[in-house]
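Listed below are the residues making up each chain.
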Amino acid sequence: FYVKSDHDAGGGNNSAPGSWTAGNRAAALQTFPYPTRPDGNGLYYTVEVGRVLFVVTDTRYLVTSTSRLGTAQKAWFKEQMQRSHPVKVWVQEAAWIDNEPAEVGGDKWQDFPAEKAELGAFLSSAAVGQVVTVHGDQHALSADDGTNNDWGGFPSFCAAPFRNYTSIKT
């Protein structure tokens, strides 16, 4: 699954949507085979493989000052997590388990603490089946069984290119 990162979504690190958004999104849609999307402005979607539902979110094009997902995508995300599939794999861009300090105007989950707490509480209390998340952008390989996930308690895995430099998450 292709997910836009801060390195390829236009505008660079910590960029909110701007004048580059429409052209960048159009180029992505011409280049990558996205399945049917519920919103023409976002690059989020689901893919079913057997009894597993892959829920791919867009944290680049719909971000606001208080939300990484935006209102419509967040409602859609919660609906997907309540579908009957016994396993949900949340495919996203950035690390969910991250204790770095928040950065004003930042673009990581810790920079949106209210939304992260809301989603974590929702996933731990209302999601159907097992939720796991897979992300990139950490410049490392990592795995956590949920023990260190204070925001929902679900497992988290990082898949990143081997050619990048590593980073340390505290």
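Our subject is the structure listed above.
Residues numbered from 1 in each chain as written. Predicted model: local features only at pLDDT ≥ 70, side-chain atom pairs only at ≥ 80, totals over all residues. Heavy atoms only, no water.

Chemist: Help me understand the overall build of the chain in this model?
Modeler: A tally of regular secondary structure across the chain gives three helices and six strands. Start at the N end of the chain and walk to the C end: the helices and strands fall as α-β-β-α-β-α-β-β-β. Out of the 170 residues belonging to the chain, those deemed buried represent 46%. Within the chain, contacts between residues separated by at least 24 positions form 60% of all contacts whose residues are at least 6 apart in sequence. (Helix = DSSP H or I, 4+ residues; strand = E, 2+ residues; numbered from the N terminus. Buried < 20%, exposed > 50% of the residue type's maximum accessible area, 1.4 Å probe, protein only. Contact = heavy atoms within 4.5 Å.)

Chemist: Before we go on, may I ask you to explain the packing of aromatic side chains in this structure?
Modeler: Two measures describe an aromatic ring pair: the distance that separates the ring centres and the angle between the ring planes. A complete count under the given rule lists 10 aromatic pairs for this structure. Relative to Trp 76, the ring of Tyr 44 has its centre 4.6 Å away and its plane inclined at 55 degrees; by these criteria the two rings are tilted. Residue Tyr 44 is located in the loop between helix 1 (21-31) and strand 1 (45-49), and its partner Trp 76 is located in helix 2 (residues 71-81); the two are separated by 32 residues in the primary sequence. The class of Trp 76 is buried, set by a relative accessible area of 10%. Centre to centre, the rings of Trp 90 and Phe 154 are 6.4 Å apart; their planes meet at 50 degrees, and the pair counts as tilted. Residue Trp 90 is located in strand 3 (residues 87-92), and its partner Phe 154 is located in the loop between strand 5 (142-144) and strand 6 (156-158); the two are separated by 64 residues in the primary sequence. Just as Trp 90 is buried, Phe 154 falls in that class too. Taken together through their ring pairs, the aromatic side chains of Phe 77, Trp 90, Trp 96, Trp 109 and Phe 154 make up a single cluster. (Phe/Tyr/Trp six-rings, centres within 6.5 Å; stacked < 30°, edge-to-face > 60°.)

Chemist: What should I look at first to understand the nonpolar core in this one?
Modeler: One recurring pattern in soluble globular proteins is that nonpolar side chains are buried together. Counting residues in each nonpolar core, the largest one holds 19 residues, and the members touching the most others are Phe 77, Met 81, Trp 90, Trp 96 and Leu 123. Secondary structure elements with two or more residues in this core: strand 2 (52-56), helix 2 and helix 3 (113-125). Leaving out residues up to four positions away in the same chain, Trp 90 has contacts with Val 55, Thr 57, Phe 77, Met 81, Trp 96, Trp 109, Leu 123, Val 132, Thr 133, Val 134 and Phe 154. (Core = buried A, V, L, I, M, F, W, Y, C linked by side-chain atoms within 4.5 Å.)

Chemist: Any chance you could explain the sheet that holds strand 2 here in plain terms?
Modeler: By definition, the strands of a sheet pair up through backbone hydrogen bonds, in either a parallel or an antiparallel sense. Spatially, six strands are ordered 1-2-3-4-6-5 in an open sheet, and the strand pairing comes out mixed. In the strand order of this sheet, the two ends are held by strand 1 and strand 5, each with one partner. Direction aside, the axes of adjacent strands within the sheet are offset by 15 degrees on average. Alignment of strand 2 against strand 3, held across five bridges, turns out to be parallel. When the sheet's bridge partners are listed, Val 52 is paired in strand 3 with Val 87. Relative to strand 2, helix 2 is tilted by about 170 degrees, and along the sheet it contacts strand 1, strand 2, strand 3 and strand 4 (130-135). (Pairing = 2+ DSSP bridges. Axes fitted to C-alpha atoms, helices over the stretch in contact; angles between N-to-C directions.)

Chemist: What is the right way to read the side chain of Asp 144 from this model?
Modeler: Mapped onto the fold, Asp 144 is located in strand 5. In this structure Asp 144 is buried but unpaired, with Lys 116 as the nearest side chain of opposite charge at 11 Å. A distance of 2.6 Å separates a polar atom in the side chain of Asp 144 from a polar atom in the side chain of Asn 148. Beyond its immediate stretch of four places on either side in the chain, Asp 144 contacts Ile 97, Asn 149, Pro 155 and Ser 156. (Lys, Arg positive; Asp, Glu negative; His and termini not counted. Salt bridge = Lys/Arg side-chain N within 4 Å of Asp/Glu carboxyl O. Polar contact = N/O pair within 3.5 Å; in protein donor to acceptor, adjacent residues only side chain to side chain.)

Chemist: Just checking my understanding: could you explain the pairing of strand 4 for this structure?
Modeler: Regular strands show a simple pattern: their side chains alternate between the two faces of the sheet. Both strand 3 and strand 4 contribute to a ladder of six bridges, which runs parallel. Directly across from Gln 92, in strand 4, lies its bridge partner His 135. Inspection of the sheet shows strand 4 paired to strand 6 by three bridges, in the parallel sense. In the strand pairing of strand 6, Thr 133 is matched with Ser 156.

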